[in-house]
Amino acid sequence: MKNIKILFGLALLAISFTSCKDEKQENAKKAIDSYVSYVDSVKNVKAEDLKATWKDVDAEYNRRAENAQLALADLKDNTAETEKINESKVKYEEFKNEMTTVFAPPAPSPKQQLRNALFGEGKIGDDMSFSWVNAQNIHSVYQQFVHTVEDNKDSYSREDWDEIKLLYEALDSRKNTVEKEGLSSEDNRKIAGLKVKFAPMYTVNRMGAKSDENAAAKK
C-alpha cells in the first residue's frame, strides 16, 4: 500500500512537471507571437498617425523584442520561432529606417541655407528679424558674415549676391538701432573695417557672377 502511494505521488509529480513545462512553452510561443503581431500591426499604421507617438511605439517594440528573445530559452526546439523573430526584426528595422526618413524635417531651401551659413542655424528666417543682434554681439555677427562671404565668394550665383546684399542692408539697419544701445567705439571701428572690406568684394564678385551667367546663357 505504501509503495502504491509513492508511485501515485511520483506520477502526480511527473504530470505536474510536464504541465509546467507545457505552460512555459505555451507562454513562450505567445510572447513570440505577440512580438510578430506587433511588428505587423505597426507597419499597417499611417505614418502621420505614428509621428506623434513614435517614441512610445519604439519603446514597446523593444520591450516585446526582448521578451520574445528571452522566450526562446523556454522552447525545446526553437528553430522555427527564431526564424520568425529574425524575419520580424528585419521588417521592423526596414520600417524604422523608412519612418526616420518620413519624419525628418524638410531640407532648408537654398536661400535659407545661405542665411544659416552667414548668421548661424535658424537665426534669420522669412521674417528677416535681426532683433537678436545687440550691442554685445553685433561685431561678431558682422565678422561671421563678411568672413563667410569672403570664403565662399567664388561659389555664389548672382541671385546669392542679391540675397547677400539684402541681408547686409538689413544688418546695417539693425546697427543704426544698436548704436543707440551703447555700441562701443572699439566695436564700431572694427565693424567699419569689415564694411570697407565687404563693399568692393560684393561689387566685383556680383559683376563677375552676372558675366558668368550671361556667358553660359550664350552657349
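Presented here is a report on the structure given in the accompanying data block. (Residues numbered from 1 in each chain as written. Predicted model: local features only at pLDDT ≥ 70, side-chain atom pairs only at ≥ 80, totals over all residues. Heavy atoms only, no water.)

In this section: the packing of helix α3 (residues 54–71) against helix α4 (residues 79–103). Axis separation between α3 and α4 bottoms out at 12 Å; the angle between their running directions is 165 degrees. Classified by the angle their axes make, α3 and α4 are roughly antiparallel. Between α3 and α4 lies a crossing whose hand is left-handed. Residues Trp54, Val57, Asp58, Tyr61, Ala68 and Gln69 of α3 form the contact with α4, whose participating residues are Ile85, Lys89, Tyr92, Phe95, Lys96, Met99 and Phe103. Residue composition of the contact of α3 with α4, grouped by class: 9 nonpolar, 1 polar and 3 charged. (Axes fitted to C-alpha atoms, helices over the stretch in contact; angles between N-to-C directions. Helix = DSSP H or I, 4+ residues; strand = E, 2+ residues; numbered from the N terminus. Parallel < 35°, antiparallel > 145°, perpendicular 65-115°, else oblique. Left-handed = near helix turned anticlockwise from the far one by under 90°. Contact = heavy atoms within 4.5 Å. Nonpolar A, V, L, I, M, F, W, Y, C, P; charged D, E, K, R; others polar.)

What follows concerns the side chain of Gln112. Its place among the elements puts Gln112 in helix α5 (residues 110–119). Using a relative accessible area of 17% as the deciding quantity, one classes Gln112 as buried. At 2.9 Å, the side chain of Gln112 forms a polar contact with the backbone oxygen of Ile124. Residue contacts for Gln112: discarding those within four places in its chain leaves Ile124 and Gly125. (Buried < 20%, exposed > 50% of the residue type's maximum accessible area, 1.4 Å probe, protein only. Polar contact = N/O pair within 3.5 Å; in protein donor to acceptor, adjacent residues only side chain to side chain.)

Keep in mind that these numbers describe shape and distance, not what the molecule does.
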